[in-house]
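# Examination of the molecular architecture
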Amino acid sequence: MIAAADSGASDVRRGILWVLAAMMLFVSLDTTAKYLSQTLPVPQVVWARYTAHALILVVLFAPRLPRLLKTQRLGLQLVRSFMLLSTTLLFFLGLSQVPLASASSIMFLTPIIVTALSVPLLKEQVGPRRWAGVLVGFMGAMIVIRPGADVLHSASMLIFAATFFNALFHITTRILGRTEDALTTLIYTAALGSLLSSLWVPFFWAWPSVEEWALIGLLGIFGAASQYALIKAFEAAAPVVIAPFNYTTLIWATFYGYVLFGDLPDRWTLLGAAIIVASGLYIFYRERVRRSPPPRPVP
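Residues numbered from 1 in each chain as written. Predicted model: local features only at pLDDT ≥ 70, side-chain atom pairs only at ≥ 80, totals over all residues. Heavy atoms only, no water.

### Section: the overall build of the protein
A tally of helices and strands in the protein yields 13 helices and 0 strands. Beginning at the N terminus, the succession of helices and strands in the protein can be written as α-α-α-α-α-α-α-α-α-α-α-α-α. The 299 residues of the protein split such that 49% are buried. Taking the intrachain contacts of the protein between residues at least 6 apart in sequence as the baseline, contacts between residues at least 24 apart amount to 89%. Just so you have it, the protein exposes about 15000 Å², and 71% of that area is on carbon and sulfur atoms. (Helix = DSSP H or I, 4+ residues; strand = E, 2+ residues; numbered from the N terminus. Buried < 20%, exposed > 50% of the residue type's maximum accessible area, 1.4 Å probe, protein only. Contact = heavy atoms within 4.5 Å. Areas by Shrake-Rupley, 256 points an atom, 1.4 Å probe, with all protein chains shown as cover.)

### Quick notes on the environment of Tyr285
Here Tyr285 is to be found in helix H13 (residues 267-291). Assessed through its relative accessible area of 48%, Tyr285 is described here as partly exposed. Taking the C-alpha atoms as reference points, Tyr285 and Arg130, separated by 155 residues in sequence, lie 9.4 Å from one another.

### Quick word on the side chain of Asp30
Relative to the helices and strands, Asp30 resides in helix H1 (residues 2-36). Arg49 provides the closest opposite charge to the buried, salt-bridge-free Asp30, at an N-O distance of 7.4 Å. When sequence neighbours within four positions are dropped, the list of residues in contact with Asp30 reads Phe91, Phe92, Leu95 and Leu100. (Lys, Arg positive; Asp, Glu negative; His and termini not counted. Salt bridge = Lys/Arg side-chain N within 4 Å of Asp/Glu carboxyl O.)

### Here's the deal with helix H12 (residues 249-261)
Here H12 contains 13 residues, and its C-alpha end-to-end distance of 17 Å stays within 8% of the 18 Å for a straight helix at 1.5 Å per residue. Among all positions in H12, only Thr249, Leu250, Ala253, Tyr256, Gly257 and Phe261 are buried. For H12, the angular spread of the buried residues around the axis is 130°, confining them to a single face. Facing away from the buried side of H12 by more than 90 degrees, the exposed set consists of Ile251, Tyr258 and Val259. Residue Gly262 follows H12 closely and has a positive phi angle near 70°. (Expected span 1.5 Å × (residues − 1). Arc of directions from axis to C-beta.)

### A word on the packing of helix H2 (residues 42-61) against helix H10 (residues 210-236)
Helices that pack against each other are described as a pair by the angle of their axes relative to one another and the distance between those axes. Interaxial distance between H2 and H10 falls to 7 Å at its minimum, and their mutual angle equals 65°. Relative to H10, H2 is oriented so that their crossing is right-handed. Packed against H2, whose contacting residues are Val45, Ala48, Arg49, Ala52, His53 and Ile56, the element H10 presents Ile216, Leu219, Gly220, Ile221, Gly223, Ala224 and Gln227 at the interface. By residue class, the composition of the contact of H2 with H10 is 8 nonpolar, 4 polar and 1 charged. (Axes fitted to C-alpha atoms, helices over the stretch in contact; angles between N-to-C directions. Left-handed = near helix turned anticlockwise from the far one by under 90°. Nonpolar A, V, L, I, M, F, W, Y, C, P; charged D, E, K, R; others polar.)

### A word on the environment of Glu212
You can see Glu212 is positioned in helix H10. Its relative accessible area of 12% is what places Glu212 among the buried residues. With 172 residues separating them in the primary sequence, Glu212 and Leu40 have C-alpha atoms 8.7 Å apart. In this view, Glu212 contacts Leu36, Thr39, Leu40 and Trp207; residues no more than four positions away in its chain are not counted.

### Side note on the packing of helix H4 (residues 74-95) against helix H5 (residues 100-107)
Contact geometry of H4 with H5 gives a least axis separation of 10 Å together with a crossing angle of 145°. Seen along the crossing, H4 lies across H5 with a hand that is right-handed. Residues Thr87, Phe91 and Leu95 of H4 lie in contact with H5, whose contacting residues are Leu100, Ala103 and Met107. When the residues that make up the contact of H4 with H5 are grouped by side-chain class, the tally is 5 nonpolar, 1 polar and no charged.

### Observations concerning the packing of aromatic side chains
For the structure shown, the criterion picks out 11 aromatic pairs. Their ring planes at 50° and their centres at 6.4 Å tell us that Phe91 and Phe92 sit as a pair that is tilted. Between Trp205 and Trp213, the aromatic rings sit 6.3 Å apart at their centres with planes inclined by 50°, giving tilted as the arrangement. A relative accessible area of 35% means that Trp213 is categorised as partly exposed. Three or more aromatic residues joined by ring pairs form one cluster here, namely Trp47, Trp205, Trp207 and Trp213. Residue placement shows Lys34 over the ring face of Phe261; its charged tip is 5.3 Å from the ring centre. The ring of Tyr50 is capped by Arg49, whose NZ or CZ atom sits 4.5 Å from the centre of that ring. (Phe/Tyr/Trp six-rings, centres within 6.5 Å; stacked < 30°, edge-to-face > 60°. Lys NZ or Arg CZ within 6 Å of the ring centre and 35° of its normal.)

Here it is, written out as structure tokens:
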């Protein structure tokens, strides 16, 4: 019994370490994309992100590709991949004009929107307390976005739209996770993203410099490594355990934003982010309470 408990605690620690690494890699990916967007068209940066990612997967898994490409849910795989491609395009377009910390704060809405959409799409029951958490989370997002008519607001709305596609991406991932190999899903994501973005990239092409080619390679490395780390995190620990650590992205986004772009979040962004994080953690807490087995009666 003691050995089993130690093993379970070790798995949880490993899952937390993997998700912390995944969040750092995700923000590194976004930072590299924002940096490249200063000199390259955003649609080309999206193409670079998926094509470099796909090439890395081909190199790593070439002997296993015929087996990994077999799927029982091809239609859903394609829908999921399209959702992530849409998320990436909208997010990168907004990120080119919005500070990293602000963009990351808005994306914190994803698990809150997942909770709202799980009612019509997954037929899950959401009680009034979790609905209250959803409402408070949206209020926090409005504080970050601060609706107005300026360009910053328009770019923020692109990121806000990206959260909806990202939520649909997470829901389809949850459905596919019941039957599909994680590597199969990862390969379809990269392949479809590369294929579709290759259709539009000739219309936006600007020849990259040597430095930009190196950064494009980094996009692929960060993209593949972040997805792999997230998969390993979910293998080691339950989602309810690792989900709160997603919010560490704000730390990395603030750090990268200040070091590379001279951006620091203002007090309204910090306030809105704090409200979104608090509401998200409350929803996770209610989810954990809802799924916990009732206590055994004392004999």
